[in-house]
Amino acid sequence: MASFLRLSPPTLLSTSRPCLSPAKTPFFHPVDRNPPRKHHQRVQISKFGSFLDLEPKSKPEPVDFDVPWFDPADRRRFDVIVIGAGPAGLRLAEQVSGRGIKVCCLDPSPLSMWPNNYGVWVDEFESLGLEDCLDKTWPMTCVYINDTKTKYLDRAYGRVGRKELKLKLLSDCAANGVKFHKSKVWKVEHEEFESSIACDDGTELKASLIVDASGFRSSFIEYDKPRNHGYQIAHGILAEVDQHPFDLDKMVLMDWRDSHLGNEPYLRASNSRLPTFLYAMPFDSNLVFLEENLSR
Ligand SMILES: Cc1cc2nc3c(=O)[nH]c(=O)nc-3n(C[C@H](O)[C@H](O)[C@H](O)COP(=O)(O)OP(=O)(O)OC[C@H]3O[C@@H](n4cnc5c(N)ncnc54)[C@H](O)[C@@H]3O)c2cc1C
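Residues numbered from 1 in each chain as written. Predicted model: local features only at pLDDT ≥ 70, side-chain atom pairs only at ≥ 80, totals over all residues.

1. Focus on the overall build of the protein
Here's step 1: If you tally the helices and strands in the protein, you get 4 helices and 15 strands.
Here's step 2: By the burial criterion, 28% of the 296 residues in the protein qualify as buried.
Here's step 3: When contacts within the protein are restricted to residue pairs at least 6 apart in sequence, those whose partners lie at least 24 apart make up 71%. (Helix = DSSP H or I, 4+ residues; strand = E, 2+ residues; numbered from the N terminus. Buried ≥ 20, exposed ≤ 12 C-beta atoms within 10 Å, placed from the backbone. Contact = placed C-beta atoms within 7 Å.)

2. Topic: the sheet that holds strand β10 (residues 195-199)
Here's step 1: The sheet built from 6 strands is open, its strands ordered β8-β2-β1-β11-β10-β9 with mixed pairing. At either end of the open sheet lies a strand with only one pairing partner, and these are β8 (179-182) and β9 (185-190). Going from strand to strand, the sheet's axes swing by 40° on average, the running direction of each strand aside.
Here's step 2: As judged from the 4 bridges shared by β10 and strand β11 (residues 204-212), these two strands associate in the antiparallel manner. By the bridge assignment for β11, A198 is matched with E204.
Here's step 3: Its contacts with the sheet place helix α1 (residues 87-97) against β1 (78-83), β2 (103-107) and β11, and it is angled at close to 170° to β2. (Pairing = 2+ DSSP bridges. Axes fitted to C-alpha atoms, helices over the stretch in contact; angles between N-to-C directions.)

3. So, the sheet that holds strand β15 (residues 287-295)
Here's step 1: Taken together, 6 strands build an open sheet; the order of strands is β6-β5-β13-β14-β15-β12 and the sheet is mixed. Because the sheet does not close on itself, it has two edges, and the strands there are β6 (150-153) and β12 (232-240). Direction aside, the axes of adjacent strands within the sheet are offset by 15° on average.
Here's step 2: Note that strand β5 (residues 140-144) and strand β13 (residues 250-255) share 5 bridges and pair parallel. Residue pairing across strands places C142 opposite V252, the latter belonging to β13.

4. Overview of the pairing of β9
Here's step 1: Bridge count for β9 against β10 is 5 bridges, and the pairing is antiparallel. Looking across to β10, one finds that K187 is bridged to A198.
Here's step 2: Between the antiparallel neighbours β9 and β10 lie 4 residues.

5. Some thoughts on α1
Side chains of residues three or four places apart in an α-helix project in the same direction, reflecting 3.6 residues per turn.
Here's step 1: Looking at α1, one finds that the buried residues are G89, L90, A93, E94, V96 and S97.
Here's step 2: Taken together, the buried residues of α1 touch β1, β2 and α3 (162-175).

6. Topic: the environment of E189
Here's step 1: Within the secondary structure layout, E189 lies in strand β9.
Here's step 2: As a C-alpha pair, E189 and F220 span 31 residues in sequence and 10.0 Å in three-dimensional space.
Here's step 3: Discounting chain neighbours no more than four positions away, the residues touching E189 are S195 and S196.

7. Some thoughts on the pairing of β2
Here's step 1: Of all the 5 residues making up β2, 5 are buried; the element is thus mostly covered by neighbouring parts of the structure.
Here's step 2: Side chains V103, C105 and D107 of β2 all project onto a buried face; the interleaved residues C104 and L106 project onto the opposite face, where all are buried too.
Here's step 3: Bridge count between β1 and β2: 4 bridges; the pairing is parallel. Across the sheet, V80 pairs through a bridge with V103, a residue of β2.
Here's step 4: In this fold, the crossover linking β1 to β2 by way of α1 has right-handed handedness.
Here's step 5: Sheet topology note: the β2/β8 ladder contains 4 bridges and is parallel. Bridge pairing in β8 places C104 opposite K179. (Right-handed = clockwise from strand over helix to strand, strands pointing away.)

Shown next as structure tokens:
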């Protein structure tokens, strides 16, 4: 996957009456997409006015799990240091430690819940043995290419149960003896036979191999020449609605339709200059995750 930049956090919001009338901003036009359905509805503007004004109701709690912590008095050297306890770092730590390799994983907040809403192809998650960590699956996906063309993909899609996945990886890591350290790495140095890291709490650790799993914003990667990584911006909400137009057995991977912008010249022109697409996960007839995306 190319580098990702998602400026707005994927807020898990709940609003009993979201704004489904023509959106106030070209960045978020959630449901009124001229859906090819009988009950094309128009719901009144909510008391919130705009989705962009919504704030998360609560911050995610850290997971309730006790990991083995690194003891600074223990001067032992690790085989592998993993920087970052996101999905990539934890999975790597779990897999490598399962082969008897001594691993330490560092993150400023190793037990915090991951903030993003992750979707995956079910067959890919099954091949990783992680199918128990999906909290919802759809047998098909669809892409609305434009107002007249729709592509159906006969491939199941799932939403990752973030808590289940995090707990599974943490408990496998703990069982395999991975040590965790709550700190931010600020320097990595490589010598001929070993590498070392320095953390913001003053801890220094050495290992044969250091793996940077600190996400797209990594400050540890140096490039020979300037690179254009591309980016993606998304704004997502979990919306409680009276009705929505999506089929419950299909996940909407991309909806590029723009007829919901009506004949408003400014919105249509700006959308064709910088088109955005909607990603929608219909959970039931009253609950849907909606995320508007812009990728370049
Ligand atoms: C809103 C949103 C939705 C997304 N949806 C999907 C999706 O549906 N499917 C998909 O495949 N991908 C999706 N992505 C992309 C997603 O970000 C990545 O797939 C995934 O998070 C990458 O995991 P990671 O472990 O590499 O990095 P991250 O999840 O970014 O984790 C990096 C970890 O490293 C830690 N860290 C950073 N710097 C340091 C440091 N200096 N020292 C120690 N620790 C550090 C951070 O605290 C963090 O815990 C989405 C992203 C966003 C923002």
